[in-house]
Amino acid sequence: MELLNNLTEAVKKGKRKDAEALVKQAVEQKLEAGTILDSLIAAMDDIGRRFKANEIFVPEVLIAARAMKTAMEILEPVLVDAGIKPEYKVVIGTVRGDLHDIGKNLVAMMLKGANFEVIDLGTDVTPEKFVEAARDNGANIICMSALLTTTMPAMKETVDCVKSSGLKTLTMIGGAPVTQEYADEIGASGYGADAATAVEVARSLVSA
Amino acid sequence: MTGREIALKAVRNEETPRPAWVPYVGVHGASLIGRKAGEFLKSSDLIVAGMKKAKELYRPDGLPVVFDLQLEAEVLGCQLHWAEDGPPAVVTHPLEGKSDWNANDLPEFDLTKGRIPLVMEAVRKAKAEIGDEVALYGLLCGPFTLALHMLGNDIFLEMFDEEEKVEQLALKCAEVGKAMAAAYMENGCDVIAVVDPMVSQISPEHFAQFVTPAMNEIYDFIQEKGGLSCCFVCGDVTRNLEVMSQTRCDNISVDEQIDMAKFRAIAQAHGKSCGGNLALTVVLLMGTEADAKLNAIRCLDACGGKGFILSPGCDLPYATPPANIAAAGLMALDEYQLDVARKTCQASQADSFDDIVLPDYANESAVILDVITLDSETCAPCQYMKGAADNAAKACGAEVVVREHKITKREGVGHMVKLGVANLPTICIDGEPKFNSIIPDLPTLVKAIEAKAADKAAMARR
């Protein structure tokens, strides 16, 4: 449908005013809320694919995510009325001692764009706080980010803390110095090399 | 030719007798002298002590004085969070969240404020103490990263919403860079590195729009003052290599994610020298000496030659094992050790040497001297090491067997790997590497053999 295609394109290009107008039109035309949502998710999936392929960069992702957020503010009440809510929950934060949050924010935005409910704990999050938030919210995944090599050990502590808590919550890690090998070494459930891959990994983990 | 001269020639993209070696010792210098990062970065004496220790351990051609991209931001009003084992992080951004922000709202940049005076004092002391032999790098925060320190993550959206204001902010940050470059050069730095890691997050189009004009302001200024400049980006900057090479810097240095052969082709097409890109975490921090050597060989094979500086991809982590850094540097400093590493480290990667079985040394009646050499017939130090073993075997009273293992043959490489020998030539006594590179005098070696023979005799009596 042209209206929804235009909405997808507006989000992809980060045109928030266009996205706002188009989603209002879609709602007024009584299009199914889930279908409108799908058109927004399609936009962010495309953004993720192109980010992963190095075709676009952080500013382009953020501008698209802002357009998505603007559209979602209008759509969310409609989704609630229709009984549609995110199927999966993620708790996210940078690990203890790490204050660098650009990567974490990107992953959070991309996960929201993929219709995950995201509980963002911010920066410098202790293992206990991750576990507490996961328990309180019934999260499916804990996502941890680290930019510094010196804070990477806090990822292992968090993974260990989750395991010893008895929670079945999955764990994902990412950040500049982090690798798949490190994820394997510390027993994390998954590793996202970039924000787009993080979404793919999160989807595969919850559907496994 | 001094190491300093080699480094400066390499930055100028001139031929050098060997690749230059510049380990980016930042807060790692603090760990070398047993200090925490916070106190280290607040004391000119400790900074210089760390540099001197790094010079002693790594034999560098060049060293940064400090690696702290928060110096300028601190003076401009950002608050810092200090860590024990890393550089500080910027936690507040003076222009963030203000819809009517303007670059002119920032305070005047003042070289007498913050930690800049102590850093310049460190430059002067370092110049006096090691500056004749080691090229001093003055690192300043690049204009885009400094602009991000000022605006926070808002900058990424403002690049679309307020293009002209972001352009002005980047140029304002370039003025700060020029002031820092002038101070560094006046106090004795040879190379000014404009370190701009956040450009790894933007497109070539945005780089050309926001970064190129600001960076060129700094590079032109450095050139006018007779200095040398380096464009240094930590992070994956693959897509921006071309546009970085089009700036007017002398050298480009890159991080571990970059394909060095492709990078060299692009940089050399624009007449730039190249630097990089030892892997920091997996190799230097967590790997072995052999891993570090192999990683250095990868860099040298892909990018070595005219105008190349072997260096880590970014600031060395605090707790990087010094032996790994020294092992990597040796590949640039010593062609002989490079040849040895090519034969041994590369072979050991491809071959587990399962068929090479070491003797059961403890139960052999003789003391066994394994002499690991390149080849005692063609390599003078190897000849003397083998000769020392032969002479000691004759001179001492114990039963001794001398076995030479030449690493020109697979059997020799296998023994080197299995005995854990890192350098050539080496004498192992009953399987333990004892004399490494330095040839022992006769009494010393005889004494060591006789001590081992006495141990074995004592064990046999039990």
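Conventions we followed
Residues numbered from 1 in each chain as written. Chains lettered and ligands numbered in written order. Predicted model: local features only at pLDDT ≥ 70, side-chain atom pairs only at ≥ 80, totals over all residues. Heavy atoms only, no water. Helix = DSSP H or I, 4+ residues; strand = E, 2+ residues; numbered from the N terminus. Rg over C-alpha atoms; globule rule 2.2 N^0.38 Å. Buried < 20%, exposed > 50% of the residue type's maximum accessible area, 1.4 Å probe, protein only. Contact = heavy atoms within 4.5 Å. Areas by Shrake-Rupley, 256 points an atom, 1.4 Å probe, with all protein chains shown as cover. Lys, Arg positive; Asp, Glu negative; His and termini not counted. Charge placed at Lys NZ, Arg CZ, Asp CG, Glu CD. Buried area = accessible area lost by both parts, 1.4 Å probe. Salt bridge = Lys/Arg side-chain N within 4 Å of Asp/Glu carboxyl O. Pairing = 2+ DSSP bridges. Axes fitted to C-alpha atoms, helices over the stretch in contact; angles between N-to-C directions. Parallel < 35°, antiparallel > 145°, perpendicular 65-115°, else oblique. Nonpolar A, V, L, I, M, F, W, Y, C, P; charged D, E, K, R; others polar. Core = buried A, V, L, I, M, F, W, Y, C linked by side-chain atoms within 4.5 Å. Polar contact = N/O pair within 3.5 Å; in protein donor to acceptor, adjacent residues only side chain to side chain.

Participant: Looking at this structure, how should I read the overall build of chain A?
Facilitator: Looking only at helices and strands, chain A has nine helices and five strands in total. For chain A, the sequential pattern of α-helices and β-strands runs α-α-α-α-β-α-β-α-β-α-β-α-β-α. Radius of gyration (C-alpha) of chain A: 17 Å, near the 17 Å computed for a compact globule of 208 residues. Considering chain A as a whole, with its 208 residues, one finds that 53% of them fall into the buried category. Within chain A, counting contacts between residues at least 6 apart in sequence, those at least 24 apart form 73% of the total. With the model as given, the accessible surface of chain A reaches about 9200 Å², and the carbon-plus-sulfur share is 49%. Across chain A, the mean location of the 23 positive side-chain charges is 3 Å away from that of the 30 negative side-chain charges.

Participant: Could you clarify how one ought to interpret the interface of chain A and chain B in this entry?
Facilitator: Many structure descriptions define interface size as the accessible area lost when the parts assemble. Facing 20 residues of chain A, the contacting portion of chain B comprises 25 residues. For the pair chain A and chain B, the summed buried surface comes to about 1900 Å²; carbon and sulfur atoms form 68% of the total. If you sort the residues of chain A by the area they bury against chain B, Phe57(A), Pro59(A) and Ile102(A) come out on top, with a joint share of 28%. At the boundary of chain A with chain B, the tally comes to two salt bridges.

Participant: Could you clarify how one ought to interpret the sheet that holds strand β2 (residues 116–120) of chain A in this entry?
Facilitator: Picture the strands of a sheet paired through backbone hydrogen bonds; they go either parallel or antiparallel. Residues and elements named next belong to chain A. Reading across from one edge, β2-β1-β3-β4-β5 is the order of the five strands in this open sheet, with parallel pairing throughout. Each having just a single partner strand, β2 and β5 (190–191) make up the two edges of the open sheet. When strand β1 (residues 88–94) meets strand β3 (residues 141–145), the two strands line up parallel, connected through five bridges. The partner of Gly93 across the bridge, within β3, is Met144. Helix-sheet contacts for helix α5 (residues 102–113) involve β1, β2 and β3, and the interaxial angle to β2 is about 150°.

Participant: Would you mind going over the packing of helix α7 (residues 143–151) of chain B against helix α8 (residues 154–161) of chain B with me for this structure?
Facilitator: A pair of packed helices is captured by two measures, namely the crossing angle of their axes and the spacing between those axes. Residues and elements named next belong to chain B. Orientation of α7 relative to α8, taken along the N-to-C sense of each, is 105°, at an axis distance of 8 Å. Between α7 and α8, the interaxial angle falls into the category roughly perpendicular. Of the residues in α8, those touching α7 at Phe144, Ala147, Leu148 and Leu151 are Asp154, Ile155, Phe156, Glu158 and Met159. Considering only residue class, the contact of α7 with α8 consists of seven nonpolar, no polar and two charged.

Participant: So what exactly am I meant to see when it comes to the nonpolar core here?
Facilitator: A general feature of soluble globular proteins is that nonpolar side chains tend to end up buried together. Grouped together as the largest cluster of nonpolar side chains are 190 residues, with contacts concentrated most on Phe156(B), Leu169(B), Tyr184(B) and Phe263(B). Among the elements that line this core, the one with the most residues is helix α9 (residues 163–187) of chain B, at 12 residues. Judged by nonpolar contacts, the second largest core, of 26 residues, contains Ala139(A), Met152(A), Ile173(A) and Ile186(A).

Participant: Which parts of the structure should I look at to understand the sheet that holds strand β12 (residues 400–406) of chain B?
Facilitator: Residue and element names in this part refer to chain B. Taken in spatial order, the four strands make up an open sheet running β12-β11-β13-β14, and their pairing is mixed. For this open sheet the edge positions go to β12 and β14 (432–436), each flanked by a neighbour on one side alone. Going from strand to strand, the sheet's axes swing by 25° on average, the running direction of each strand aside. Bridging between strand β13 (residues 426–429) and β14 involves four bridges; their strand directions are antiparallel.

Participant: It is not clear to me how the pattern of salt bridges should be interpreted in this structure. Could you clarify?
Facilitator: Close approach of charged atoms allows side chains with opposite charge to pair. All chains considered together, the criterion is met by 34 salt bridges over all chains. Where Lys156(A) meets Asp160(A), a salt bridge forms, and the shortest distance between an N and an O atom there is 2.9 Å. Of this pair, Lys156(A) and Asp160(A) both sit in helix α7 (residues 153–165), four residues apart, roughly one helical turn. Lys156(A) gets classed as partly exposed once you look at its relative accessible area, which sits at 38%. Put simply, Lys456(B) and Asp430(B) hold a salt bridge, and the shortest N to O gap is 2.9 Å. Linking Lys456(B) in helix α19 (residues 442–461) with Asp430(B) in the loop between β13 and β14, this pair joins segments that are 26 residues apart in sequence. Here Lys456(B) falls in the buried class, since its relative accessible area comes to 11%. By relative accessible area, which is 9% here, Asp430(B) ends up buried. A single network of salt bridges, built from pairs that share partners, joins Glu9(A), Lys12(A), Asp46(A), Arg49(A) and Arg50(A).

Participant: So what exactly am I meant to see when it comes to the environment of Glu256(B) here?
Facilitator: Residue and element names in this part refer to chain B. Mapping Glu256 onto the fold places it in the loop between β8 (251–254) and α12 (260–269). Here Glu256 falls in the partly exposed class, since its relative accessible area comes to 31%. Placed 20 residues apart in sequence, Glu256 and Asp236 show a C-alpha to C-alpha distance of 7.8 Å. If we ignore the near neighbours within four places in the chain, the residues touching Glu256 are Asn277, Leu278, Ala279, Leu280, Thr281 and Gly313. Reaching out from Glu256, the side chain makes a polar contact with the backbone nitrogen of Leu280 at a distance of 2.9 Å.

Participant: Just checking my understanding: could you explain unusual backbone geometry for this structure?
Facilitator: Glycine aside, the phi torsion of most residues is negative, and most peptide linkages are trans. Of the consecutive residues Gly276(B) and Asn277(B), the connecting peptide bond is found in the cis state with omega at -25°. By secondary structure assignment, the location of Asn277(B) is in strand β9 (residues 273–278). With a phi close to 60°, Lys30(A) is a non-glycine residue in the positive phi region. If you trace the backbone, Lys30(A) turns up in the loop between α2 (16–28) and α3 (33–52). The class of Lys30(A) is exposed, set by a relative accessible area of 72%. The phi angle at Arg59(B) is positive, at roughly 50°, despite the residue not being glycine.

Participant: Teacher, can you tell me more about the environment of Glu32(A) here?
Facilitator: Positionally, Glu32(A) belongs in the loop between α2 and α3. For Glu32(A), a relative accessible area of 59% corresponds to the exposed category.

Structural measurements only, silent on function.
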